Amino acid sequence: MKLPQVKILRQFHFFLRKLHYLINKIKKFIVIFISKRHKKFMETLSDLINSSVLVLIDIYADWCAPCKAMAPVLKQLKEKQGDAIRIIKINIDKNPQFASQYAINSVPTLMIFKSGKQLWRQSGAMSLNELNTIVGMFK
């Protein structure tokens with residue numbers, strides 16, 4: 001091997017070490033950023049769940065047809081119930097920690113909370129009348 005080739009290999013090795021160092025720094029930043037975002041999301045959600053207002057959480061996925069069918073039902077429910085209920089939609093693909101914490105196995109899953117307690121939970125799409133009756137039981 002000629003001397004210039006050795007020099008080029010050393011420079012290339014140095015470059016790879018620097019690149020590896022930068023990639024690790026970026027990975028740590030991403031993990032910290034995601035952790036802070038998740039913590040803020042969970043604190044806000046926790047505040048909502050612990051409030052005295054009835055909170056209906058819809059755990060859904062963009063690819064789920066029954067989930068898409070529930071969107072107008074939830075909108076109509078909110079119009080009917082007004083300020084008596086808060087409806088929160090959580091995308092299971094973007095919030096896998098929430099799905100894990102509450103053992104969500106299928107979508108859509110609907111949950112009702114009040115004062116920090118889970119009062120009701122069901123998986124699958126529902127009609128407006130069914131959902132309105134269930135919400136009425138917990139008001």
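This write-up is about the structure you can find in this document. Since the model is a prediction, treat every value here as computed from it, not as a measurement. Counting restarts for each chain: residues are numbered from 1 in the order of the written sequence. The predicted origin of the model limits local features to residues at a pLDDT of at least 70 and limits the giving and counting of side-chain atom pairs to 80 or more, whereas totals for whole chains, interfaces and linings rest on all residues. The basis for every side-chain value is the complete set of non-hydrogen atoms in the structure, without hydrogens or water.

Examining the side chain of Asn91
Along the chain, Asn91 falls in strand β2 (residues 85–91). Note on Asn91: relative accessible area 5%, which makes it buried. In this structure, Asn91 is in contact with Tyr60, Ala61 and Asp62, ignoring residues within four places of it in sequence. A run of H or I in DSSP becomes a helix once it reaches four residues, and a run of E becomes a strand once it reaches two; helices and strands are each numbered from the N terminus. Burial here depends on accessible area, computed with a 1.4 Å probe over protein chains only, as a share of the maximum for the residue type. Under 20% is buried, over 50% is exposed, and the range in between is partly exposed. Note on contacts: a residue pair is in contact if any heavy atoms of the two residues lie within 4.5 Å.

So, the packing of aromatic side chains
Each Phe, Tyr or Trp ring (for Trp, its six-membered ring) is paired with any other whose centre lies within 6.5 Å, and the angle between the two planes then decides the class: stacked below 30 degrees, edge-to-face above 60, tilted in between. If you walk through the whole model with that rule in mind, you get two aromatic pairs. The interplanar angle of 40° and the centroid separation of 4.7 Å between the aromatic rings of Phe98 and Tyr102 together place this pair among those described as tilted. A relative accessible area of 1% places Phe98 in the buried class. Taking the centre distance of 5.8 Å and the plane angle of 80° together, the rings of Tyr102 and Phe113 count as edge-to-face. Residue Tyr102 is located in the loop between α3 (96–101) and β3 (109–114), and its partner Phe113 is located in strand β3; the two are separated by 11 residues in the primary sequence. Given a relative accessible area of 19%, Tyr102 falls into the buried group. Assessed through its relative accessible area of 2%, Phe113 is described here as buried. An aromatic cluster of at least three residues, connected via ring pairs, comprises Phe98, Tyr102 and Phe113. Two limits define a charge over a ring: the Lys NZ or Arg CZ must be within 6 Å of the ring centre, and within 35 degrees of the ring normal. Here the guanidinium or amino end of Lys89 rests over the ring plane of Tyr60, the centre of that ring lying 4.5 Å away.

A closer look at the sheet that holds β2
Should DSSP find at least two bridges between two strands, the strands are taken to pair. The strand order across the open sheet formed by four strands is β2-β1-β3-β4, and the pairing between neighbours is mixed. At either margin of the open sheet sits one strand with a lone partner, and together these are β2 and β4 (117–123). Ignoring strand direction, the axes of neighbouring strands in this sheet form an average angle of 20°. Of the pairings in the sheet, the one linking strand β1 (residues 54–60) to β3 comprises five bridges and is antiparallel in character. Only the stretch in contact is used when a helix axis is fitted, and all axes are lines through C-alpha atoms; the angle between N-to-C directions ranges over 0 to 180 degrees.

Note that every value here comes from positions in space, so none of it alone points to a role or purpose.
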